[in-house]
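Inside the fold
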Amino acid sequence: MSDWTEKDLLHWDEKINRIAEDLGLDWYPIDYEIIDYQEMLGAMAYVGLPTHYRHWSYGKEYERTHTLYNMGQTGLPYEMIINSNPSIAYLMRENALYIHILTMAHCVGHSDFFKQNRMFADTNPNHIIDSFKSSAKYVRKLIEDPSIGIEKVEHILDAAHAIKYQVPRTPGIQLKSQEEILQIEKLKMQADPNYEPDLERVPLRPEYNVLKFIAENSKTLKEWERNLILIVEESSQYFIPQALTKVMNEGWACTIHHKIVNELNLPDSLHLPFIKLHNQVIRPHLGQVNPYHLGYKLFEKIIEDTSFEEALTIREVHNDMTFLRCYIDEEFMRDMNYFSYSFKKDKKSITIDDIADESGWESVRDDLITNTGLNRIPIVYVDEVGKDNTLSLVHEHDGRDLDLRYAEKVYNYIASLWGDNVNFVSLIENERWEF
Amino acid sequence: MSVFRKHKSIVDRASSDRLRHKKKIDKAIKDSIKDVIAEESIIGQNGKKKIRVPVRGLKEYRFIYGNNDQNKSVGSGGDHPLKRGQKIGKQRAGEAQGQGTGKASDQKGDEYYDVEVSLEELAEYLFNDLELPDLEKKQFRFVSHETIKRKGYRFKGIRPRLSKKETLKRKIRRQKKAEKLGSFDPEGDERFPFHKDDLKYHHIKPKIKENSSAVIFFLMDVSGSMSQDRKFLARSFFFLLYQFLNHKYDQVEVVFISHSTYADRVPEEKFFNVGTNGGTMISTSLDLELDVITKEFHPNAWNIYTFYCGDGENWSSDNEKCLDLFKEIKEVSQLTAYCEINEHYSGLADEIDKDDVFHGTPWGTFSAWKNEEMDNLWSKLNPLCDSKFKKVMIGEASHIWRAFHALFGGNKST
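Thresholds, definitions, all that
- Residues numbered from 1 in each chain as written.
- Chains lettered and ligands numbered in written order.
- Predicted model: local features only at pLDDT ≥ 70, side-chain atom pairs only at ≥ 80, totals over all residues.
- Helix = DSSP H or I, 4+ residues; strand = E, 2+ residues; numbered from the N terminus.
- Buried ≥ 20, exposed ≤ 12 C-beta atoms within 10 Å, placed from the backbone.
- Contact = placed C-beta atoms within 7 Å.
- Nonpolar A, V, L, I, M, F, W, Y, C, P; charged D, E, K, R; others polar.
- Pairing = 2+ DSSP bridges.
- Axes fitted to C-alpha atoms, helices over the stretch in contact; angles between N-to-C directions.
- Expected span 1.5 Å × (residues − 1).
- Core = buried A, V, L, I, M, F, W, Y, C linked by C-beta atoms within 7 Å.
- pLDDT = per-residue confidence, 0-100.

1. Considerations on the overall build of chain B
On a plain count of helices and strands, chain B comes out with 13 helices and 13 strands. When each of the 414 residues of chain B is scored for burial, the buried share is 28%. Once local pairs closer than 6 in sequence are excluded, the contacts in chain B between residues at least 24 apart make up 79%.

Next up, the structure:
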């Protein structure tokens with residue numbers, strides 16, 4: 001069936017690596033797992049991690065991908081790589097050789113990005129696989145424990161998953177501990193006698209790690225329940241850098257695979273289908289933003305305007321937000337033909353708000369940034385725990401209202417974890433709104 | 001430099017999570033079925049009809065943004081010329097497709113699974129944990145009821161009969177042994193997997209349980225005051241009841257009686273399809289039932305169940321007589337149920353402590369009814385209420401199922 005042998009893979013891998021080294025890339029060694037379609041679905045459901053804890057939502061994800069694939073709505077991805085050392089990547093046995101070549105070159109780009117970009121500095125790639133493994137083992141132990149069992153475990157996981165993105169979004173920045181904040185407040189008080197902060201307040205500053213805060217401060221959770229929540233928290237923290245750099249990461253990997261494969265001097269029988277596939281991956285999606293397209297085009301522009309060396313620096317220091325804000329200009333927006341749109345209740349239809357022309361491109365760019373990665377997920381923080389143990393949460397409103405149906409369900413989940421009164425504040429149509 | 005591994009995994013790692021997901025979907029089906037049980041389409045159907053039950057996919061809730069004007073999306077226009085204010089559709093592009101870009105999944109489209117179930121499966125889903133109460137052993141005729149009984153364990157068996165408890169016990173035993181021998185380190189990273197020899201299976205024996213004979217009386221009010229909606233609810237109730245009995249018991253006799261100012265014993269089809277007119281004399285149907293009991297079903301030999309369904313708008317002069325007759329029927333029956341169809345109930349449902357209503361205790365907390373004159377049949381029946389005489393109120397379709405549970409659920413009622 002397939003037009004390749006393992007020898008072919010080794011042959012091209014060596015060439016790819018040589019070119020990548022010449023480009024100045026520095027990546028983790030890569031372990032490629034050659035798997036079949038079923039296993040690929042499984043790998044995708046567990047975001048590529050060979051050792052992920054179990055939860056029914058991954059079963060659902062599997063079915064969803066499977067259905068979409070059967071309906072022809074999506075092709076399986078050509079790449080799946082994990083931020084670990086060594087990086088683990090998957091090659092699907094059914095794919096043709098030119099796809100493998102593209103995938104391998106693409107994976108080198110990702111692995112280089114994981115190793116070099118500063119957002120990933122704290123992701124602990126050497127031990128992440130083991131750490132997930134021990135979490136999975138722990139979860140399995142709880143499920144098998146006759147006094148706990150799957151129902152109770154799922155109850156906690158369901159609730160914790162509902163707020164799994166409610167963790168800090170500033171990787172690479174050491175957050176101050178409560179003691180340190182207290183220290184600072186005391187210094188401030190010495191310097192300014194009129195300054196009287198409430199030092200009894202819990203937490204002293206708004207706490208963005210809602211998961212961890214609940215795990216550590218709830219009065220009703222059992223030990224194993226706290227541990228479960230912290231497992232979810234740990235896994236979220238690991239994925240946050242990837243969510244913060246989706247556009248850059250994909251753009252960089254596409255740039256690299258394009259550069260490498262062009263230098264491989266492939267025979268036409270491999271090169272032509274490669275070009276076709278490459279163009280498919282980086283094509284614009286009508287009415288949506290294709291991160292592969294956006295990232296690739298922006299890196300292309302940067303390399304044209306400056307140099308590849310400049311691009312190497314950028315891939316180290318930026319994240320999506322700063323990347324887009326610093327390097328997008330009017331011409332680029334025009335080329336991409338981006339526009340912003342919203343649902344208008346009075347007209348009951350979706351209407352274009354702004355387009356990328358002289359007066360509109362900046363506003364469209366700003367909307368593009370607020371729709372990138374984690375910016376699509378509302379920020380909620382712990383404001384205070386009252387004297388009566390009421391947990392006060394606040395939604396950081398930025399103009400976009402919450403979906404109330406969803407918010408209410410999440411609220412219930414939070415309340416069940418906290419085990420006491422929970423107060424939640426947001427704005428709906430410019431009015432204060434409370435649960 | 002890179003390593004290539006041909007992956008030969010024997011286990012499908014997602015399988016247990018998929019199974020778990022499927023179980024949850026099954027539960028969702030069960031829950032939705034309760035909402036569709038009173039749909040017109042299933043009433044009066046025979047067992048072959050398939051019913052489509054829409055089941056909402058399991059959602060994973062997160063905080064997500066809603067649809068206000070400030071929530072703008074951005075997209076690429078491709079080669080299309082664009083204008084401000086241009087209308088481009090009725091639905092957000094992302095939602096229509098129901099597929100997000102993956103990790104930070106924020107898609108909102110409701111996923112619906114349409115599941116087809118037959119009436120038989122429906123009955124299976126619905127009636128599994130319900131049982132006719134207090135079936136006593138009586139002479140002569142028997143209702144056979146085949147049950148399967150577990151008896152002991154065997155080393156061989158089919159997978160569904162695997163006894164998890166015994167298997168686990170054997171595994172633990174083996175594990176402790178291994179620990180003592182030092183061939184297994186409990187603190188280590190290694191798992192201690194199940195071995196083929198650990199498996200133990202339940203052994204089962206079919207057992208024919210001989211229940212006493214049972215006769216069920218269905219009494220329905222078909223007077224003029226039974227509006228279209230009320231009739232519909234009454235029929236739904238009886239229809240379900242009938243399906244339930246058919247599903248649970250191989251042999252039960254059913255007697256259908258419909259009444260207005262006079263009562264008729266009617267065949268099954270007619271019972272479910274008759275029109276309505278005339279006034280209401282509930283006592284006539286009770287009279288007829290007692291008459292039938294005397295002639296055909298002696299209480300010594302038969303378990304008798306009576307279900308009355310009407311709107312309670314009886315001629316007030318008839319109420320006293322009804323009370324006496326109900327008393328008489330209660331004496332000879334295993335269970336007598338009085339079911340009142342009253343749509344006023346649905347509006348007031350929030351006021352009622354539901355246990356109070358459905359378990360036949362006096363109508364205490366229902367303030368709206370307190371003020372009304374206590375002359376109606378519902379309140380007159382209060383003294384009769386106990387485990388053998390139950391009253392239920394049905395105001396809308398969704399109450400049917402609750403009424404059912406109140407009557408047959410016993411302690412298992414949800």
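Now, onward.
2. Here we look at the environment of Tyr308 of chain B
Residue and element names in this part refer to chain B. Here Tyr308 shows up in strand 11 (residues 303-310). Spatially, the C-alpha atom of Tyr308 lies 6.1 Å from that of Ala337, the residues being 29 residues apart in sequence. Discounting residues that sit within four places of it in the chain, Tyr308 has contacts with Leu219, Ala337, Tyr338 and Cys339.

3. A few points about the interface of chain B and chain A
Each side of the interface is counted separately: chain B has 53 residues, and chain A has 77 residues. Among the elements of the structure, strand 1 (3-6), helix 1 (15-36), strand 3 (73-76), strand 4 (87-89) and helix 2 (93-97) of chain B are those that each provide at least two residues to the side of chain B that touches chain A. Of all the elements, helix 1 of chain B adds the most residues to the side of chain B that touches chain A, at six residues. Here the side of chain B that touches chain A is built from residues that sort into 14 nonpolar, 20 polar and 19 charged.

4. Regarding the sheet that holds strand 1 (residues 30-35) of chain A
Spatial strand order, 2(A)-3(A)-1(A)-1(B): four strands in an open sheet with mixed pairing. Strands with a single pairing partner mark the edges of an open sheet, and in this sheet they are strand 2 (81-82) of chain A together with strand 1 of chain B. One ladder, built from two bridges, connects strand 2 of chain A with strand 3 (residues 87-92) of chain A; its direction is antiparallel. Within strand 3 of chain A, the residue paired with Ile81 of chain A across the bridge is Ala89 of chain A. Across the sheet, helix 2 (residues 37-45) of chain A touches strand 1 and strand 3 of chain A, and the angle it forms with strand 3 of chain A is around 140°. Contacts from helix 4 (residues 97-116) of chain A reach strand 1, strand 2 and strand 3 of chain A, with the element oriented near 160° to strand 3 of chain A.

5. Overview of the environment of Leu241 of chain B
Along the chain, Leu241 of chain B turns up in helix 5 (residues 228-248). Here the alpha-carbon distance between Leu241 of chain B and Phe307 of chain B, two residues 66 residues apart in the chain, equals 9.3 Å.

6. Points about the pairing of strand 9 (residues 431-434) of chain A
Residue and element names in this part refer to chain A. Alignment of strand 8 (residues 422-428) against strand 9, held across four bridges, turns out to be antiparallel. Paired with Ile428 across the two strands is Glu431, which belongs to strand 9. Between strand 8 and strand 9, which pair antiparallel and follow one another directly, the connecting turn spans two residues, one of which, Glu429, has a positive phi of 45°.

7. A few points about helix 12 (residues 291-305) of chain A
For helix 12 of chain A, spanning 15 residues, the distance from its first C-alpha to its last is 21 Å, which sits close to the expected 21 Å at 1.5 Å a residue. Among the residues of helix 12 of chain A, those classed as buried are Pro291, Tyr292, His293, Leu294, Gly295, Tyr296, Lys297, Leu298, Phe299 and Ile302 of chain A.

8. Structural notes on the nonpolar core
Judged by nonpolar contacts, the single largest core of 115 residues is most densely connected at Ala105, Val108, Ala160, Leu211, Ile229, Val364 and Val410 of chain A. It is helix 4 of chain A that provides the largest number of residues to this core, a total of nine residues. With residues near it in sequence (within four places) discarded, Ala160 of chain A still touches Leu211, Leu228, Ile229 and Val232 of chain A. Counting residues in each nonpolar core, the second largest holds 51 residues, with Phe237, Tyr308, Cys339 and Ile400 of chain B among its members.

9. Comments concerning the sheet that holds strand 8 of chain A
Residue and element names in this part refer to chain A. Strand order in the open sheet formed by four strands is 6-7-8-9, with mixed pairing between adjacent strands. Two strands in the sheet have a free side with no partner beyond their single neighbour: strand 6 (380-385) and strand 9. Strand-to-strand twist of the sheet, defined as the mean angle between neighbouring strand axes without regard to direction, takes the value 25°. Direction of pairing for strand 7 (residues 391-395) relative to strand 8: parallel, over a ladder of four bridges. Each bridged residue has a counterpart across the sheet, and for Leu391 the counterpart in strand 8 is Val422. The strands that helix 17 (residues 404-418) touches are strand 7 and strand 8; relative to strand 8, the one it contacts most, it runs at about 160°.

10. Focus: the confidence of the model for chain B
Residues and elements named next belong to chain B. Per-residue confidence for chain B gives a mean pLDDT of 71; residues scoring 70 or more make up 64%. Between the elements of chain B, mean pLDDT differs from a low of 38, seen in helix 2, to a high of 89, seen in helix 4 (residues 164-181). Segment residues 40-44: pLDDT under 50, and eight contacts once partners within four positions in sequence are set aside and those in other chains are kept. Below pLDDT 50 for its whole length, residues 347-374 participates in 30 contacts with residues either more than four positions away or in separate chains. Taken over the whole predicted complex, pTM reads 0.67, whereas the ipTM for its chain interfaces reads 0.86.

11. Some details on unusual backbone geometry
Residue and element names in this part refer to chain A. Omega for the bond connecting Asn85 with Pro86 falls within 30 degrees of zero, at -5°, which places this linkage in the cis form. When you line up the elements, Pro86 lands in the loop between strand 2 and strand 3. Following Val202, the chain continues into Pro203 via a peptide bond in cis, with omega recorded as -10°. Summarising the element assignment, Pro203 is placed in the loop between helix 7 (178-191) and helix 8 (210-217). Positive phi, close to 55°, is recorded for Asn124, a residue that is not glycine. Tracing the chain through its elements places Asn124 in the loop between helix 4 and helix 5 (128-144). Its 16 C-beta neighbours within 10 Å are what place Asn124 among the partly exposed residues. One non-glycine residue, Asn389, lies in positive phi territory at about 70°. Position of Asn389 among the secondary structure elements: in the loop between strand 6 and strand 7.

12. Details of the pairing of strand 13 (residues 389-394) of chain B
Walk down a regular strand and you will see the side chains alternate between the two sheet faces. Residues and elements named next belong to chain B. Of all six residues that make up strand 13, six are buried, and the element is covered over most of its length. Burial along strand 13 is two-sided: Phe389, Lys391 and Met393 and Lys390, Val392 and Ile394, pointing in opposite directions, are all buried. Bridge analysis of strand 12 (residues 335-341) against strand 13 gives six bridges, and the strand direction is parallel. Residue pairing in the sheet places Cys339 in a bridge with Val392 of strand 13.

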